[in-house]
Structure formats: structure tokens, C-alpha cells
Amino acid sequence: MEDSYQVVIVGAGFAGVAAAKELGRKGVRVLLIDANNYHQFQPLLYQVATSQIGVSAIARPLRSVFRRLKTVKVLTAKVESVDAAQRSITTESGQRLQAEILVIAVGAVPNFFNTPGAEELAFPLYSVTDATRLGSGLTRLLDQADNSPDGFVDVVVVGGGPTGVETAGAMAENIKYVVRKYFSPALAARCRVHLVDMVPSVLNMFSSKSQSYATEHLKKVGVQLHMGQGVTEVRKDGVTLADGSSVPGQIVVWAGGLKAGDLVAGSGLAQGRGGRIDVDTDLTAPGVEGVYVLGDCANITDSTGAKLPQLGSVAQQAGKWAASNIIADLKGGTRTPFRYVDKGYMAMVGRGAAVAELGRKRIQLQGVFAFLSWLLVHLALLSGLQQKIRALFSWLNGYILHSPAQVVVSGPVEKEPREQAPPGP
Ligand SMILES: Cc1cc2nc3c(=O)[nH]c(=O)nc-3n(C[C@H](O)[C@H](O)[C@H](O)COP(=O)(O)OP(=O)(O)OC[C@H]3O[C@@H](n4cnc5c(N)ncnc54)[C@H](O)[C@@H]3O)c2cc1C
């Protein structure tokens, strides 16, 4: 059976949700499809993996997000294929859907750069499932190490960008505070976190001042840095570096890059850098009619010609902008080129320690003020009042009392085919 909708949006991440909200407010009939029945807030996944906050703080049911927008219908289904030229979609269960206007906003998947062993053995951090799997793996390793007189835990984080830095910093602080308090100081002394990257410094996109600050803080909390060496192999007991040396790790976290997934590759659209679609400045895909590609699966250039990074703020603003162009399409108006408001970027390095470079002028903050800005910005961006309250409570609990949000983590540990995680209560 073939159903017809004015606008079909595939992917309910930052871009898809922003577009659907804007269209719903204008009464446009939208079908929003996602493999999960919840919207996940990726910037805080590392906090779930390190037991700082629970899943229910970062996963919000989509039907709750859209409960007041009656023209937006949510469909939980994994999309198997997209035909951009036909503007048609086929779901995993074989349902075929036809759109007057199609929006592809399916995000990205980890890019392992064909590194031997990486896809099979490393833990990516791109979904709630990834985060709970990593959290379970870490907790179980700690339990095992605690049961043995000389048990130890080594974790390798690959990738010194914001995700890698935030993860490594949080893990090292967990060892310093949580493992000492809930397990034993002796076990904490036998746990190590390593951060590896092929470039010489962490946080490559930030200023050298921010890089130095982050490097010093990571070293202070005990992260062992291995910079300037690429990973050539991921093994069960660690990673091999380009110079042939090894870094030990029972768990290897992959924060080493992203690319567009198979759905985008099979859509019939020409792929650019990172397998993403080079969209026109009005966010439409070139060469086809009525198709928009947004967020992490698109290479977006704004009206000033600047190439924009894969960030939540870019995805969210592009979603909103695309909605206004879609409304122009439906009413016979003229599309306008996307104008991005650059608010800068920030990264958490640890308790009371963050770096922020704000606005187009990149006003730099380091330390406590950057940390407080980071908390406020992420609190404001989190979707849902309940989620904000849960996150705030967990942060107060964790940062002031040094108490993890959840000491018990359950879930699969070994690498398994990706599966859906349940939404938070
Ligand atoms: C760990 C981490 C930390 C980050 N920190 C920051 C930060 O601090 N600040 C910042 O600005 N950005 C940050 N980012 C980047 C930001 O999260 C992304 O740029 C943003 O999520 C992209 O939004 P999107 O809508 O394009 O894709 P996503 O948010 O990835 O959403 C894509 C959606 O598509 C769905 N989907 C995918 N395939 C299918 C399919 N076949 N069928 C149905 N549904 C499908 C997925 O389930 C998902 O809900 C971070 C990213 C990560 C991974």
C-alpha cells in the first residue's frame, strides 16, 4: 500500500525535529519517520556512558515532543531505502511511502577509515544504544577488576576532538572520584585512560589557548595522551599505533570520525566529502526536485560561502530554515539561501573545566566560566522539561557530591549488531 504525505522527513535528530516543529506550527501535513520512537540528544551521550546522567535525561519520546502539533504524525520504522528522484521511501517492513517533498536528515555513522579490527571491536558513541553498551562494558570491567587482587582497567579513547576529550576527561574523573569512593583507592590506582589521535593536539578546531588548557587538565586528571600517532589496528587488548607501538585497552572507544550512512549512499544522490550530499545554499539536493538534505548527512555551505561543520546547532538551524523554504515551495514562493548564525563552540573537559569560543568573534572562555556556560547551554538545548530537571539533578549530584547517576548499568557488553534501545520512562 502506498500512502501520500505533503512532507516526509526521515530522521528525528536535531535537523528533522526542528523542521517538523516549524512545519507543524504552520499546519503542514508531515510524516516524521525514525528508527527509534525517541529523539536522542547526542552531545550528552558520553555522560550516559560514564554514568553521569541516565538515559531518560537525553532520550525524549517523539510523541511527547509533537503532542500539540496535530499535523505531525510520528512513524517508528527503520527506513531501508530512499529513492530521491522518485521521492519515495521503503521501510524495513516493506511499507512504501510517497512524499510531495522529501527531507533526508538521517545523521551520520561512525567512520572507522577501514582500520582493521575497529568496526568489530571498538565502541562508537553515536546513539543511546552505543552509550548504554559502553557504560555496561565499563561497569562490568570494573566489577571484574575489583574481584581480583591485581585486577586493572585500561580504556583507550581514539579521537581527540570534543567527543573524545569529553569522554576521556569524564572517565578519568570517574576513576579519581567514583571508583575511589565506590570501589577502592587501590583499584582506582590500577585504572588508566589513554587518549590517542593522529594530530599533535587535542581539540583541533579550537584555538591553541583552549588546546593547551584542555591538554593540561586532561593530564592533571590522569589521562595519558598519545598524540601525533594514528591507530593502525584495534585489537582485543588495545590498539597498535603507526610507529608500531601498542597502547593497552580492554575497551577501545571510537570517537575518530563520521560519515554518511548506507541510506544516503543508496539514495541516488551524488555524494561529496565524507559520503555526504553537497546541498545547494537553499538546502535542496542538486539534480532532483523537492528533496532537502539536512544535518550531519549533508555538506552545507551558508549564504556567505562558509563550509559549515557537523554540529547540532548547524543541523537545528538548517532544519528550521528548510521548513521556511518548504513552505515557500508549497505556496509557490521563492526559497532563500541558508544563513547560519554562528554561536561558536564549546567542549567540557571535566568538573569545573571546559573551553568555549563564543560567537563569530570567538570570545574565549576557559575553566569555571566555560564550564558553567556549557552546563547552561546544554540545559537550554535539551528537549523537554522533565529531561532538563533530570539532567540538572544528576549534575548537582555528580559535580557536588561526586555521586554517579547510576551505579548499576545493565545491557549487552560484547559488540553485537546494532539494536534499538528503549526510550527513557
Ligand atoms: C557524542 C557526540 C557529542 C556531540 N557534541 C556536540 C556538541 O557539544 N555541540 C554540537 O553542536 N554538536 C555536537 N555533536 C554533533 C551533533 O550531535 C550532530 O551534529 C547532530 O546530532 C546532527 O543532527 P542530525 O539531525 O543531522 O542527525 P542525528 O541527530 O544523528 O539524527 C539522525 C536521526 O536519524 C535516525 N535514522 C538514521 N538512520 C535511519 C533509518 N535508516 N531509518 C530511520 N531513522 C534513521 C536516527 O535514529 C536519528 O534519530 C555531538 C555528536 C556526538 C555523536
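The preceding data block contains the structure.
Residues numbered from 1 in each chain as written. Predicted model: local features only at pLDDT ≥ 70, side-chain atom pairs only at ≥ 80, totals over all residues. Heavy atoms only, no water.

Asks: Any details on the sheet that holds strand β15 (residues 238-241)? Residues and values, ideally.
Replies: One open sheet accounts for 3 strands, arranged β14-β15-β16; its pairing is antiparallel. Here the strands that pair on one side only, and so sit at the sheet edges, are β14 (231-235) and β16 (246-248). Shown here is a sheet whose adjacent strand axes are inclined to one another by a mean of 20°, direction ignored. With 4 bridges joining them, β14 and β15 adopt antiparallel strand pairing. Within β15, the position partnered with Glu233 by the bridge is Thr240. (Pairing = 2+ DSSP bridges. Helix = DSSP H or I, 4+ residues; strand = E, 2+ residues; numbered from the N terminus. Axes fitted to C-alpha atoms, helices over the stretch in contact; angles between N-to-C directions.)

Asks: Before we move on, can you summarise the packing of aromatic side chains with the specific residues and values?
Replies: Scanning the model with the defined rule gives 8 aromatic pairs in all. Relative to Tyr340, the ring of Phe338 has its centre 6.3 Å away and its plane inclined at 50°; by these criteria the two rings are tilted. In this pair, the class of Phe338 matches that of Tyr340, namely buried. Following the ring pairs from residue to residue traces out a cluster consisting of Tyr46, Trp374 and Trp395. (Phe/Tyr/Trp six-rings, centres within 6.5 Å; stacked < 30°, edge-to-face > 60°. Buried < 20%, exposed > 50% of the residue type's maximum accessible area, 1.4 Å probe, protein only.)

Asks: Could you give an account of the site of the ligand, with specific residues and numbers?
Replies: Close to the ligand lie 28 residues; Ala15, Asp34, Gln42, Val79 and Asp296 are nearest. For the ligand, an oxygen atom lies 3.0 Å from a polar atom in the backbone of Phe14. At a separation of 2.8 Å, an oxygen atom of the ligand approaches a polar side-chain atom of Gln42. Considering the ligand on its own, with 1000 Å² of exposed area, one finds that the protein chains cover 88% of that surface. When contributions to the shell around the ligand are tallied by element, the ones reaching two or more residues are α1 (14-25) and α11 (312-331). The biggest single contributor to the shell around the ligand is α11, with 3 residues. The residue makeup of the shell around the ligand, split by class, is 14 nonpolar, 11 polar and 3 charged. Each of domain 1 (2-35 + 77-108 + 260-331) and domain 2 (118-257 + 344-401) contributes no fewer than three residues to the shell around the ligand. (Near = heavy atom within 4 Å. Polar contact = N/O pair within 3.5 Å; in protein donor to acceptor, adjacent residues only side chain to side chain. Areas by Shrake-Rupley, 256 points an atom, 1.4 Å probe, with all protein chains shown as cover. Nonpolar A, V, L, I, M, F, W, Y, C, P; charged D, E, K, R; others polar. Domains from an automatic or database assignment.)

Asks: Any details on the packing of α1 against α11? Residues and values, ideally.
Replies: Their axes nearest at 7 Å, the elements α1 and α11 cross at an angle of 35°. Considering the relative orientation of α1 and α11, their crossing is right-handed. Between α1, through Phe14, Ala15, Ala18, Ala19, Glu22 and Leu23, and α11, the contact on the second element is made entirely by Gly312, Ala315, Gln316, Gly319, Lys320, Ala323, Ile326 and Ile327. Across the contact of α1 with α11, the residue classes tally to 9 nonpolar, 3 polar and 2 charged. (Left-handed = near helix turned anticlockwise from the far one by under 90°. Contact = heavy atoms within 4.5 Å.)

Asks: Let's hear about the nonpolar core: which residues, and what values?
Replies: It is characteristic of soluble globular proteins that their nonpolar side chains tend to be buried jointly. Phe66, Leu283 and Val293 are the most contacted members of the largest nonpolar core, which has 125 residues in total. Here this core takes 8 residues from α11, the largest share from any one element. Residue assignment places this core across two domains, with domain 1 (2-35 + 77-108 + 260-331) and domain 2 (118-257 + 344-401) each supplying three or more. Core analysis: the second largest hydrophobic core is formed by 13 residues, Phe112, Val196, Val239 and Trp254 among them. (Core = buried A, V, L, I, M, F, W, Y, C linked by side-chain atoms within 4.5 Å.)

Asks: Lay out unusual backbone geometry with the relevant residues and their values.
Replies: One non-glycine residue, Ser51, adopts positive backbone phi at about 60°. In this structure, Ser51 sits in the loop between α2 (45-49) and α3 (55-58).

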